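Structural overview
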Amino acid sequence: MSAQKPLIALTPYHNTEKDELYMRPAYLKAIRAVGGIPIILPLDFDHEELERIVAMFNGFLFTGGPDLHPFHFGEETQIHCGNVSPKRDHLELELLQLAIKARKPILGICRGIQLINICLGGDIYQDLPSQFFEDFPVAHTQPFSYEIPSHTVTVIPDTLLSRIAGKTTIQVNSMHHQAIRRLAPGLNASGFAPHGLTECVEMQEYPTFFLGVQWHPEYLWEQDDAARGIFAEFVKAAKQH
């Protein structure tokens, strides 16, 4: 195992009105806190450049952000679908495929878990309030600070998430209006919100770290062991690559 800190590539947020890239500092702080070096990627790589990026970096974090275009999972645009970034969709879908092929450690957060599921052949609810019925509607877009949990997630035993969390129920925050509907082939759901909404996915046959979570552990890691453990195990795996 290399003694050097692993390089972690992060996909950027994209202001489509100004065509500007940016990053929420919470991701960078979380990666650095557990021994990784976070690097923010551009969006305009070609295929050959992406292959070099995958070879250079030790791990890949697919961050939160806007909705993915519904055409990527074969649907028309639902009336409540939000803004999209075609540049980001194109970059992330190709990058994820290459990173999986190279068996690099992968972490997807919020949009990232949806990207993983779509890339591998699943689909999503384009808008939870109008497509996912709950008799007691959970605040998937919480009304208070991101550092405060808003609902629970039931953790499935004998999974990567259960090994990280060390318990059967965790408390998470929630800032999304889309979520996994039909799980992609090859993925396993390892965490569920109340009423059965998928909150965490894994690929159990994957030889290294592979995890997608619907919540935002980058805002919880300073106070929550499970959230910190997600980043710690991701960066630990990246040290091997």
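Notes on the structure in this doc start here. Counting from 1, residues in each chain are numbered in the order their sequence is written. The model is predicted, so local features are restricted to residues of pLDDT at least 70 and side-chain atom pairs to those at 80 or more, both for listing and for counting; the totals for chains, interfaces and linings are taken over all residues. In computing side-chain values, all of the structure's heavy atoms are included and hydrogens and water are not.

Some words on the sheet that holds strand E5 (residues 59–62)
Under the convention used in this document: Pairing between two strands is assigned when DSSP locates at least 2 bridges connecting them. Helix and strand definitions follow DSSP, with helices as H or I runs of at least four residues and strands as E runs of at least two, each counted in order from the N terminus. The angle between two axes is taken between their N-to-C directions and runs from 0 to 180 degrees, where each axis is a line fitted to C-alpha atoms and a helix contributes only its stretch in contact. Note on definitions: a residue-residue contact is assigned when non-hydrogen atoms from the two residues lie within 4.5 Å.
The strand order across the open sheet built from 9 strands is E4-E1-E5-E6-E13-E12-E11-E8-E9, with neighbouring strands paired in mixed fashion. Since the sheet does not close on itself, it has two edges, and those belong to strand E4 (37–40) and strand E9 (169–172), each with one partner. Neighbour to neighbour, the strand axes of the sheet diverge by 25 degrees on average, direction disregarded. Bridge count for E5 against strand E6 (residues 106–109) is 3 bridges, and the pairing is parallel. The residue bridging Phe60 from the neighbouring strand is Ile106, located in E6. Across the sheet, helix H1 (residues 25–33) lies against strand E1 (7–10), E4, E5 and E6, angled at about 150 degrees from E4, the strand it touches most.

Things to note about the nonpolar core
Selection rule: What is meant by a nonpolar core is a set of buried Ala, Val, Leu, Ile, Met, Phe, Trp, Tyr and Cys residues, joined one to another through side-chain atoms within 4.5 Å. Accessible area is worked out with a 1.4 Å probe on protein chains only. A residue is then buried under 20% of its type maximum, exposed over 50%, and partly exposed in between.
Residues Leu61, Leu107, Leu211, Trp215 and Phe231 are the most contacted members of the largest nonpolar core, which totals 35 residues. Put simply, the parts of the chain that give this core at least two residues each are E1, H1, E6, strand E8 (151–155), helix H6 (160–165), E9, strand E13 (210–213) and helix H7 (225–238). If you tally residues by element for this core, the top one is H7, at 8 residues. Ignoring sequence-local partners within four residues, the contact set of Leu107 consists of Phe60, Leu61, Phe62, Phe209, Leu211, Ile230, Phe231 and Phe234. One finds Leu41, Ile53, Leu91 and Ile180 within the second-largest nonpolar core, a separate group that totals 32 residues.

With respect to the packing of H1 against H7
Keep this limit in mind: The crossing is said to be left-handed when, going from far helix to near helix, the turn is anticlockwise and less than a right angle, and right-handed when the turn is clockwise. In this count, Pro and Cys sit with the nonpolar residues alongside Ala, Val, Leu, Ile, Met, Phe, Trp and Tyr, while Asp, Glu, Lys and Arg are called charged and the others, Gly among them, polar.
Contact pair H1 / H7: the axes reach a minimum separation of 9 Å and the direction vectors enclose 60 degrees. Every pair of crossing elements has a handedness; the one defined by H1 and H7 is right-handed. Contacts between H1 and H7 pair Ala30, Ile31 and Ala33 from the former with Arg228, Phe231, Phe234 and Val235 from the latter. Grouping the constituent residues of the contact of H1 with H7 by class yields 6 nonpolar, no polar and 1 charged.

A short note on the pairing of E5
Threshold: Consider the strands pointing away from the viewer: the crossover is right-handed when the path from the first strand over the helix to the second runs clockwise.
What you see with E5 is no split at all: Gly59 and Leu61 on one side and Phe60 and Phe62 on the other are buried throughout. Direction of pairing for E1 relative to E5: parallel, over a ladder of 3 bridges. From the neighbouring strand, Leu10 faces E5, where its bridge partner is Leu61. In this fold, the crossover linking E5 to E6 by way of helix H3 (residues 86–101) has right-handed handedness.

Some details on H3
For the record, the criterion: Helices are assigned an expected span. That span is 1.5 Å times one less than the residue count.
In this model H3 runs 23 Å from its N-terminal to its C-terminal C-alpha over 16 residues, within 8% of the 22 Å that 1.5 Å per residue would give. Restricting attention to buried positions, one finds in H3 the residues Arg88, Asp89, Leu91, Glu92, Leu93, Glu94, Leu95, Leu96, Leu98, Ala99 and Ile100. Those residues of H3 that are buried lie in contact with strand E2 (13–15), helix H2 (47–56), E5, E6, helix H4 (111–119) and E13. Looking one or two residues past H3, Arg103 carries a phi angle of roughly 60 degrees, positive in sign.

Note that all results are geometric; they support no functional claim without further evidence.
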